[in-house]
Amino acid sequence: MRLVRKAHRLLRHRRLRHRGWWKPILRQLLDRRLWHPCRDTVAGGISIGFFFAMMFMPGQTIVAALLAARAKVNIPFAVAACWVTNPLTGPFIRVSQHQFGGWLRNDLGIPMPELGQVDVPLGESIVNLNVSDFILGFLVMGVLLALAAFPIVHLFSAILPNHLPIKKHPIRPSREEAHRSSAN
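Reading the values: the criteria
Residues numbered from 1 in each chain as written. Predicted model: local features only at pLDDT ≥ 70, side-chain atom pairs only at ≥ 80, totals over all residues. Heavy atoms only, no water. Salt bridge = Lys/Arg side-chain N within 4 Å of Asp/Glu carboxyl O. Helix = DSSP H or I, 4+ residues; strand = E, 2+ residues; numbered from the N terminus. Buried < 20%, exposed > 50% of the residue type's maximum accessible area, 1.4 Å probe, protein only. Axes fitted to C-alpha atoms, helices over the stretch in contact; angles between N-to-C directions. Parallel < 35°, antiparallel > 145°, perpendicular 65-115°, else oblique. Left-handed = near helix turned anticlockwise from the far one by under 90°. Contact = heavy atoms within 4.5 Å. Nonpolar A, V, L, I, M, F, W, Y, C, P; charged D, E, K, R; others polar. Expected span 1.5 Å × (residues − 1). Bend = angle between axes of the 7 residues up to and from the residue. Polar contact = N/O pair within 3.5 Å; in protein donor to acceptor, adjacent residues only side chain to side chain. Phe/Tyr/Trp six-rings, centres within 6.5 Å; stacked < 30°, edge-to-face > 60°. pLDDT = per-residue confidence, 0-100.

## Notes on the pattern of salt bridges
In step 1: One pass over the full model with this rule turns up 2 salt bridges.
In step 2: R39 is paired through a salt bridge with D40; the nearest N and O atoms lie 3.8 Å apart.
In step 3: R105 is paired through a salt bridge with D133; the nearest N and O atoms lie 2.9 Å apart. Residue R105 is found in helix 7 (residues 90–106), and its partner D133 is found in helix 8 (residues 131–159); the two are separated by 28 residues along the sequence. With respect to burial, R105 and D133 carry one shared label: buried.

## Digging into the packing of helix 4 (residues 39–53) against helix 8
The description of two packed helices rests on the angle between their axes and on the distance between the axes.
In step 1: With their axes 8 Å apart at the nearest point, helix 4 and helix 8 run at an angle of 155 degrees to one another. Accordingly, the angle class assigned to the pair helix 4 and helix 8 is roughly antiparallel. Handedness of the helix 4/helix 8 crossing: right-handed. The segment helix 4 lies against helix 8, with R39, D40, V42, A43, G44, I46, S47, F50 and F51 engaging L139, G142, V143, L145, A146, A149, F150, V153, H154 and S157.
In step 2: Taken together, the residues of the contact of helix 4 with helix 8 sort by class into 12 nonpolar, 5 polar and 2 charged.

## Section: helix 8
In step 1: Taking 1.5 Å of rise per residue, 29 residues should cover 42 Å, and helix 8 covers 41 Å from first to last C-alpha, within 8% of that figure.
In step 2: Where helix 8 bends most, the angle comes to about 25 degrees, and this point is A149, followed within four residues by the proline P151.
In step 3: Those residues of helix 8 not exposed but buried are S132, D133, F134, L136, G137, F138, M141, G142, A146, A149, V153 and S157.
In step 4: Close packing links the buried residues of helix 8 with helix 4, helix 7 and strand 2 (125–130).
In step 5: Of the residues flanking the start of helix 8, the one acting as N-cap is N130, its side-chain oxygen 3.0 Å from the backbone nitrogen of S132.

## Looking at the packing of aromatic side chains
In step 1: Per the counting criterion, the structure on display carries 4 aromatic pairs.
In step 2: Judged by centre distance (5.7 Å) and plane angle (85 degrees), the rings of F56 and F134 are edge-to-face. Pair noted here: F56 is in the loop between helix 4 and helix 5 (60–71) and F134 is in helix 8, with a separation of 78 residues, a long-range link.
In step 3: On the accessibility criterion, F56 (56% relative accessible area) is exposed.
In step 4: Take F134: its relative accessible area is 16%, and that puts it in the buried class.
In step 5: Arranged with centres 5.2 Å apart and planes meeting at 70 degrees, the rings of F134 and F138 form a pair that is edge-to-face. Separated by 4 residues within a single helix, F134 and F138 lie in helix 8, roughly one turn from each other.
In step 6: Feature note: the residues F56, F134 and F138 constitute an aromatic cluster, connected by ring pairs.

## Things to note about the confidence of the model for the chain
In step 1: Overall, the prediction assigns the chain a mean pLDDT of 80, with 72% of residues at 70 or greater.
In step 2: No element of the chain has a lower mean pLDDT than helix 9 (residues 175–183), which averages 60, and none a higher one than helix 4, which averages 91.

In structure tokens form, the structure reads like this:
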């Protein structure tokens with residue numbers, strides 16, 4: 001929770017707070033309900049994070065956080081789930097995605113257009129990778145992990161109900177929200 005509070009404070013920094021382009025993004029990111037865990041918002045956040053963890057793109061954590069804010073699910077869990085792919089696990093996950101995509105295309109016969117071959121240096125040797133296998137592998141693996149997040153979180157909540165509440169906690173509105181509602 002200390003790390004979550006620190007990130008929340010960093011987003012409200014006085015130098016960022018007054019920028020015009022940052023205000024609409026900040027309003028969504030700083031919704032306090034999205035920073036407190038409950039079973040359903042955590043499941044949605046982990047689902048988004050797992051999906052983007054499997055995507056081979058820069059800035060996957062930022063995209064996951066913005067999409068989590070837009071979908072009104074738990075932002076810290078979405079960001080943390082993106083860290084499944086890190087410099088240590090990334091190469092193994094990428095190879096497994098390529099093999100999984102090849103298995104889907106060749107053995108199950110899932111149609112995918114041929115997008116070409118890429119030679120990738122791996123240590124002393126060069127490995128020939130099929131781009132179609134890789135794309136199919138990371139997309140299907142991302143969807144499967146995103147779908148698996150819901151039963152995993154619900155099972156965790158059923159086994160340890162005190163660690164992950166089922167319902168959202170009532171949160172007092174911020175000063176700005178209270179001022180806006182009293183002005184109307």
